[in-house]
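# Structure at a glance
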Amino acid sequence: MDLKQRADSVLSGAVARGAVPGVVAMATNREGTLYEGAFGERLLGGGVPMSLDTVGWIASMTKALTSVAAVQQVERGRLDLDAPASAVVPAIAEIQVLTGFDAAGQPQLRPPRRPITLRHLLTHSSGLSYEIWNPDMQKAQAALGIPSVTECRNKALTLPMVADPGERWEYGIGIDWAGKMVEAVTGKPLGEAMTETLLGPLGMRDTAFRIRPDMRERLAGVHLRGPDGVLAPFPFEIPQEPEFEMGGGGLYGTVGDYLRFVRMILNGGQLDGERVLRPETVASRGLNHMGNCRVSELVAAMPLTNNAEFFPGVPKSWSLAFQINHAATFTGRPAGGLMWAGLANSYYWIDPASGVGGVYMTQIFPFADTGSVPTYYAFETAVYDSLR
């Protein structure tokens with residue numbers, strides 16, 4: 001059975017049994033697209049089929065793009081991975097470490113033992129967190145009147161740290177601060193800076209923080225899986241007039257666009273004659289940049305996510321953009337693979353050793369959905385089975 005048959009069967013079967021409402025998935029090697037398929041509906045009951053050019057909220061898949069935009073500025077000498085980030089964004093120096101709460105429920109804070117650097121921000125070792133996986137952040141938000149980062153208000157970035165910089169992996173708002181650093185040194189909004197140096201050169205024309213009218217015509221709706229396991233439409237959209245463009249999760253885009261980004265990484269920083277990163281920079285993005293820290297399970301603290309960890313039991317670290325698996329996975333991906341995901345159940349992987357990668361997109365809450373994650377794994381497995 002060839003890749004098209006394998007992947008079509010996986011994806012169409014998931015739609016047929018109600019595991020996903022609709023899905024788009026593509027795979028690539030260094031030369032070009034190996035597979036592309038779209039199944040199901042953009043919105044359940046809407047009657048509009050998913051298509052290869054369907055637009056979705058790619059959420060935390062934004063992080064890798066923002067990280068690349070930041071490292072491009074390192075290449076240009078405008079940013080330093082290991083200098084205090086406060087030299088570029090002074091407000092980050094005001095953030096302190098949470099040590100507990102007093103009897104009145106007010107946060108108790110202390111200064112961090114060392115300053116946050118861009119390397120800390122890009123590797124999720126800055127000590128900054130998310131309330132969706134940390135109940136203490138929810139308490140701090142309530143006490144201090146801090147909104148969720150998905151509201152794209154500047155005050156959302158004033159959450160305290162839960163650990164000193166460099167001491168552990170803690171998934172959080174660090175990439176949003178990295179985006180602020182890009183804005184500071186370019187003098188441009190993040191989306192404009194990113195379009196100039198990354199999205200434009202790569203031909204990622206359908207990836208943006210603001211949903212253009214032509215993108216909205218192709219937009220997939222978000223769904224929520226209820227306690228009974230049934231999916232239903234769930235109105236959700238990132239603010240379209242934000243105080244800041246959320247570098248950690250604000251982009252909308254297509255699977256085809258993101259596949260071009262994947263292919264660029266596979267090709268050492270260039271695509272179709274456009275170089276966006278130096279080869280040595282791309283090589284370093286496949287290396288652990290967080291020392292002895294390791295990626296750990298994300299434990300759900302809100303209903304929009306399940307507990308989440310990709311390939312439990314496989315040791316994982318973080319490069320300057322991606323999670324790295326340090327042993328082979330059951331899908332067939334060898335050690336050294338790169339990946340991450342978006343909150344509405346979009347996923348990607350990049351395998352420099354085998355020269356393949358893929359992108360998968362549904363629009364479902366909760367994250368790590370019980371129907372979508374197995375479908376993504378089965379799609380990745382189908383790609384590797386086809387290579388044998």
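Residues numbered from 1 in each chain as written. Predicted model: local features only at pLDDT ≥ 70, side-chain atom pairs only at ≥ 80, totals over all residues. Heavy atoms only, no water.

### Section: the packing of aromatic side chains
The cut-off we apply is this: The aromatic pairing rule takes the rings of Phe, Tyr and Trp, using the six-membered ring of Trp, and pairs them if the centres are within 6.5 Å, calling planes under 30 degrees apart stacked, those over 60 edge-to-face and the rest tilted. The secondary structure listing takes helices from DSSP runs of H or I that are at least 4 residues long and strands from runs of E that are at least 2 residues long, numbered from the N terminus. Only protein chains enter the calculation, and the probe is 1.4 Å; a residue is then buried if its accessible area is under 20% of its type maximum, exposed if over 50%, and partly exposed in between. When the NZ atom of lysine or the CZ atom of arginine is within 6 Å of a ring's centre and also within 35 degrees of its normal, the charge is said to sit over that ring.
Counted under the stated rule, the structure contains 32 aromatic pairs. Centre to centre, the rings of Trp57 and Phe365 are 6.2 Å apart; their planes meet at 75 degrees, and the pair counts as edge-to-face. Here Phe365 lies in strand E16 (residues 364-365) and Trp57 lies in strand E3 (residues 55-57), a separation of 308 residues in the sequence. Grouping residues by exposure puts Trp57 and Phe365 together as buried. Here the aromatic rings of Trp349 and Tyr376 are separated by 6.2 Å at their centres, their planes lie at 65 degrees, and the arrangement is edge-to-face. Here Trp349, found in strand E14 (residues 346-351), pairs with Tyr376, found in helix H10 (residues 372-387); they are 27 residues apart in sequence, far enough to count as distant. For Trp349, a relative accessible area of 0% gives the class buried. Positioned above the aromatic ring of Phe101, the side-chain terminus of Lys139 is 4.1 Å from the ring centre.

### Focus: H10
To keep things clear, this is the line we draw: Expected span, for any helix, means 1.5 Å times one less than how many residues it has.
For H10, which comprises 16 residues, the first-to-last C-alpha distance of 23 Å matches the rise-based estimate of 22 Å (1.5 Å per residue) to within 8%. Among all positions of H10, only Ser372, Val373, Thr375, Tyr376, Tyr377, Phe379, Glu380, Ala382, Val383 and Tyr384 are buried.

### Points about the pattern of salt bridges
A side chain with one charge may pair with a side chain of the opposite charge, provided their charged atoms come close. Keep this limit in mind: Salt bridges, as used here, are contacts in which a Lys or Arg side-chain nitrogen is within 4 Å of a carboxyl oxygen on Asp or Glu.
Counted under the stated rule, the structure contains 21 salt bridges. Notably, a salt bridge pairs Arg260 with Asp272, separated by 2.7 Å at the nearest N-O pair. Of this pair, Arg260 sits in helix H8 (residues 255-266) while Asp272 sits in the loop between strand E9 (270-271) and strand E10 (274-275), placing them 12 residues apart in sequence. For Arg260, a relative accessible area of 22% puts it in the partly exposed group. The residue Glu309 makes a salt bridge to Lys316 at a minimum N-O spacing of 3.0 Å. A single network of salt bridges, built from pairs that share partners, joins Asp206, Arg212, Asp214 and Arg218.

So yeah, pure geometry; function would need other evidence.
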